[in-house]
4 protein chains.
Amino acid sequence: MAAARYPWPRDTRSALCVTFDFDGEAPYLWRNRATGGDGAAELEQRRYGPRRGVYNVLGMLDELRITATFFVPGWIVAHHPAAVREIHEQGHELALHGWCHEPPTELDAVRLSDTLQRAVGALSDITGVLPVGYRSPSFQMTPEAIDVLIGLGLRYDSSLMGDDRPYRIGDLVEVPVDWATDDAPYYRYRAGDPRPPMPAGQLAAAWATEIDAARLHGTLCMLTMHPWLSGRPARIDQLTQVLAGVVADPDLWVGSVAALAEHHRLLGPPDPTGVSGWQDVDKDSIGWPDDNT
Amino acid sequence: MAAARYPWPRDTRSALCVTFDFDGEAPYLWRNRATGGDGAAELEQRRYGPRRGVYNVLGMLDELRITATFFVPGWIVAHHPAAVREIHEQGHELALHGWCHEPPTELDAVRLSDTLQRAVGALSDITGVLPVGYRSPSFQMTPEAIDVLIGLGLRYDSSLMGDDRPYRIGDLVEVPVDWATDDAPYYRYRAGDPRPPMPAGQLAAAWATEIDAARLHGTLCMLTMHPWLSGRPARIDQLTQVLAGVVADPDLWVGSVAALAEHHRLLGPPDPTGVSGWQDVDKDSIGWPDDNT
Amino acid sequence: MAAARYPWPRDTRSALCVTFDFDGEAPYLWRNRATGGDGAAELEQRRYGPRRGVYNVLGMLDELRITATFFVPGWIVAHHPAAVREIHEQGHELALHGWCHEPPTELDAVRLSDTLQRAVGALSDITGVLPVGYRSPSFQMTPEAIDVLIGLGLRYDSSLMGDDRPYRIGDLVEVPVDWATDDAPYYRYRAGDPRPPMPAGQLAAAWATEIDAARLHGTLCMLTMHPWLSGRPARIDQLTQVLAGVVADPDLWVGSVAALAEHHRLLGPPDPTGVSGWQDVDKDSIGWPDDNT
Amino acid sequence: MAAARYPWPRDTRSALCVTFDFDGEAPYLWRNRATGGDGAAELEQRRYGPRRGVYNVLGMLDELRITATFFVPGWIVAHHPAAVREIHEQGHELALHGWCHEPPTELDAVRLSDTLQRAVGALSDITGVLPVGYRSPSFQMTPEAIDVLIGLGLRYDSSLMGDDRPYRIGDLVEVPVDWATDDAPYYRYRAGDPRPPMPAGQLAAAWATEIDAARLHGTLCMLTMHPWLSGRPARIDQLTQVLAGVVADPDLWVGSVAALAEHHRLLGPPDPTGVSGWQDVDKDSIGWPDDNT
């Protein structure tokens, strides 16, 4: 049962979303919310993002005429409003990423809803529009969180890895991600971590291969990056070279996650390629020969 | 004592088995059988296998005219029967991989036998034939499990690393594996894992070297892959390029594990290359000078 | 808000600092101060630094006519005075790195001040001048430690990652570092560590990319190395090749951290590129919708 | 104080020792001596060494006319005598590696001495000569173990990393090792390990760089390998290509560790390059300003 080709926007053959999780200090603050952490080292490392990285990123996007999506925790919106405003004014999408980078697996539904509503307020105060999408911190997700997102009226989520093209989860459109095109497993290094950052040239070569494969297979390449990581000079240079080589391809659609999600929604349910979306698992079906399956 | 050349089928000089552990959700369900786990993220990541990856794999095998072996947990057979049926109809071998990816080190002999019998039923309901081989989840093994496999009438196991050609373990033929040609240590990445996925181009280069060495040494190259990992576009492309370069070699035998195991069985005991098979270790022989060795 | 170009010394376009944390035995002794550790293996591994590595490093610096900065724990000064004297006599800067490589996160302010004063004494006994800079062991830092450094009259710190050019933290100049240009995450391997050392050629290629990016972006590349790691033959050769290719560039400033810090101080506050320095975080601002932010 | 060139044997300019730790099952048996372990998987993986790997290694050494040193636990001598005999008959050195791969950090001096005497007996029963050297399992070492080695009349140890040429530790000659030229951190992978095996081509390129650097610097390159790891086809091929390119160099001395150790002993104390050997550390010198240093 070979899958039908996915009908990308504007009759293109494949798609690329360039996205940034603009985390800054938030993940450190969340992890150390009980004690405050022991200091300045990781905070300063992360502040490279709002101080420099995000502007390097915006420069690259402007040079390459790419419309990107930035997922921004509410805390970052509140503490770095000038950077967030500049993202908005350059025409990029702003979307939700928790209040202080809280994974939905660590909050109950009420708390999750409260933090997201607060983040909606912070973002819309700057942009004048309501955000329509969400990416979960650390790509974690629960069935309850899906319901919260739908309950808040959001149009899409971009946190799961169940396909290489958009798909439906009930009323939500899922625009999927992939660890292999997330910079964090490759570039994030904090004191004591077990592996060093990958050289920028090696990751750029890997991502060029990923984008080429998406173009060949007619799939989506979703790049997930972080200004405090990919915004550093050597990495932004290598990334720029990779992207400059593909954005001129008229058969490759490049745009915001919101635009792709709305495109998918217009295709209507059921999924045009015949793949059903996410569903819960009957835990009783797992185990032993005396189970009922 | 240089080893005699192994007599590969059809007078070839070396052998390649292309195999897939079609795990899907099963390992996650097994690990989280007590609590159910915290959600959707890893489940969705793994579902890429049955939704897309396995069809990408089947497309590649068809294009290259390779007969492969798929080791499939019974739970996957029960929940993704269409995919399993398509594997069978394209002429590939289907073999055992537990009911829900249970390593034999975590079950007693009765439980192991029960789960495997249940999986035999699920597979033969689709294929109409009894599976003849087993691969243990995570390549774990115990002496008791070997006895269970023999007791079930299985013809081969493909889980151990004691040689680079088939060998006998009592009535069983062992068709050995190797971590260096398993995609999981290179490609598997879940939230919090300590290392990122290797770029597809780097692993493809490594495996080209592995296959070339098998051809030079007259040994077996056993590729172990997972549709949720190697089935993604960039990886399937890189793999296709590597395999396309070797399947045309008339001196390289390519086929199912069952076919190779039966070939080996016909050579008869003792092992034609003079290597005795697996045996237990006398634990009293290990230690101190006052032990009896 | 694109950042203004930083005005590097002598009207150059970018800067390179070549620095060494001359740790030797000290980190091992500090980690094992309670029990003494179990022996000779890591001690001998680290002694390669004072025995050979530091002389290989000095030979390279002399050949390339580079003025470097060496951060040296006081214990190393006391136990390897000949090597420290030779560093000084070849015209390199000597600066503080704790007494026995104690991270400031593990000392209170009084202890930290005492150990640093002791180290100031050991260094100035050899050089005849007071050290003006500090690098924290393992790049750890606390707000209290910043105050200690200022209280001791130091002119700069070189431990944080908040920018890619010098910046001010109160009366202190911060000359920032980066994990991607620190050899320890790549080369350090001790028994049982989870990853092997990166091949010297791979890291040299990575650092060539880093230096090229600094030249393109007009930023600082701060190399942090350790004689017991980068002083080994294959690594020093690869590094020499990379540095030989850039030190002739008249647009790249190369010099000691102290010289760069003093240059920055003369530019005066506020930061000429408009980036405010490090500040503490209001921990109450982190969390929940009922917090006051 | 640039070091004098080391006077290598036969007026060569640098040296290469090709050595193998022929561990087989022993490390697994030692680690699991209390419970016996859970089975067959790692045992079979390690048995690739005595079954195939060691013969692939011997074939390569014969082809390249290299005299190597094999460090063999006594348990392996007792259980794989034919392989050990073939190593001896091909003219390679056999030396000590514990009885069952016990690190000296886990035994008291009496136990260590007893296990080594037992291993001396097992080896000399096959070779007819007493082994003269020792390599510690996992490169661990204690001051007490050094005394045991001297007390047993051994001539050299090859376990420490304090230099890149032989050096004296009292009556013992140390022929040093280096993690960067040990195959275990790169190739060893067991179920659940945090990193995958490095591709053989990447490690071969790294070691070619290491050997070239030794030739340039006039130092020793000590390769430490394991038949169950480096004896596999792709790895032995890549290694053969690297070594074939250097063994013809008349300025590179290649030989057994014993031969190099005896050469060094004849140079007499003190160390001709002015480097003192290993010594214990005064633990009271480590810490605080009120300590006596």
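As a starting point, this report considers the structure included with it. (Residues numbered from 1 in each chain as written. Chains lettered and ligands numbered in written order. Predicted model: local features only at pLDDT ≥ 70, side-chain atom pairs only at ≥ 80, totals over all residues. Heavy atoms only, no water.)

## Comments concerning empty space enclosed by the protein
Phase 1 of the analysis: Tallied over the entire structure, the rule returns 17 cavities of 30 Å³ or more.
Phase 2 of the analysis: Taken together, 33 residues make up the lining of the largest cavity; nearest its centre are Met198 of chain B, Pro196 and Met198 of chain C together with Pro196 and Met198 of chain D.
Phase 3 of the analysis: Lining the second largest cavity are 17 residues, and of these Arg232 of chain A together with Asp178, Glu210, Leu220 and Cys221 of chain C sit closest to its centre.
Phase 4 of the analysis: Contributions of two or more residues to the lining of the second largest cavity are made by helix H10 (233-244) of chain A together with helix H8 (200-217) and strand S8 (220-225) of chain C. (1 Å grid on protein atoms, 1.4 Å probe; cavity = no way out; pocket = protein on both sides within 12 Å on 5 of 7 lines; lining within 4 Å. Points joined across faces, edges and corners; volume = space filled by probe spheres on them. Helix = DSSP H or I, 4+ residues; strand = E, 2+ residues; numbered from the N terminus.)

## Brief notes about the pairing of strand S1 (residues 14-21) of chain B
Residue and element names in this part refer to chain B.
Phase 1 of the analysis: Burial runs high along S1: eight of the eight residues are buried.
Phase 2 of the analysis: Every second residue of S1 is oriented toward a common face, with Ser14, Leu16, Val18 and Phe20 on one face and Ala15, Cys17, Thr19 and Asp21 on the other, all of them buried.
Phase 3 of the analysis: Of the strand pairs in this sheet, S1 and strand S8 (residues 220-225) are connected by six bridges, and their pairing is parallel. When the sheet's bridge partners are listed, Cys17 is paired in S8 with Met222. (Buried < 20%, exposed > 50% of the residue type's maximum accessible area, 1.4 Å probe, protein only. Pairing = 2+ DSSP bridges.)

## Considerations on the pairing of strand S1 (residues 14-21) of chain A
Looking down a regular strand, the side chains alternate between one sheet face and the other.
Residue and element names in this part refer to chain A.
Phase 1 of the analysis: Note that S1 and strand S9 (residues 252-254) share three bridges and pair parallel. Residue Ser14 lies in a different strand from S9, and its bridge partner there is Leu252.
Phase 2 of the analysis: In this sheet, strand S2 (residues 69-72) lies alongside S1 in parallel orientation, the contact comprising three bridges. For Asp21, the partnering residue across the bridge sits in S2 and is Phe71.

## Comments concerning helix H8 (residues 200-217) of chain A
Phase 1 of the analysis: Spanning 18 residues, H8 of chain A covers 26 Å between terminal C-alpha atoms, matching the ideal 26 Å at 1.5 Å per step.
Phase 2 of the analysis: Within the span of H8 of chain A, buried status applies to Ala200, Leu203, Ala204, Ala206, Trp207, Glu210, Ile211, Ala213 and Ala214 of chain A.
Phase 3 of the analysis: On the buried face of H8 of chain A, the contacting elements are S1, helix H7 (184-187), strand S8 (220-225) and H10 of chain A together with helix H10 (233-244) of chain B.
Phase 4 of the analysis: In the segment just after H8 of chain A, Gly218 of chain A is the residue with positive phi, at about 70 degrees. (Expected span 1.5 Å × (residues − 1). Contact = heavy atoms within 4.5 Å.)

## Re the packing of aromatic side chains
Here the distance between the centres and the angle between the planes together describe a pair of aromatic rings.
Phase 1 of the analysis: Under the definition given, this model contains 19 aromatic pairs over all chains.
Phase 2 of the analysis: Each ring, one from Phe71 of chain D and one from Tyr156 of chain D, has its centre 6.5 Å from the other, and the planes form 80 degrees; the classification is edge-to-face. Here Phe71 of chain D is found in strand S2 (residues 69-72), whereas its partner Tyr156 of chain D is found in strand S5 (residues 156-157), with 85 residues between them in sequence. Exposure class is identical for Phe71 of chain D and Tyr156 of chain D. Each is buried.
Phase 3 of the analysis: Ring pairs connect the aromatic residues Phe139 and Trp179 of chain A together with Tyr189 of chain B, which therefore count as one cluster.
Phase 4 of the analysis: For Arg235 of chain B, the ring lying beneath its charged end belongs to Tyr187 of chain B, and the centroid distance is 3.9 Å. (Phe/Tyr/Trp six-rings, centres within 6.5 Å; stacked < 30°, edge-to-face > 60°. Lys NZ or Arg CZ within 6 Å of the ring centre and 35° of its normal.)

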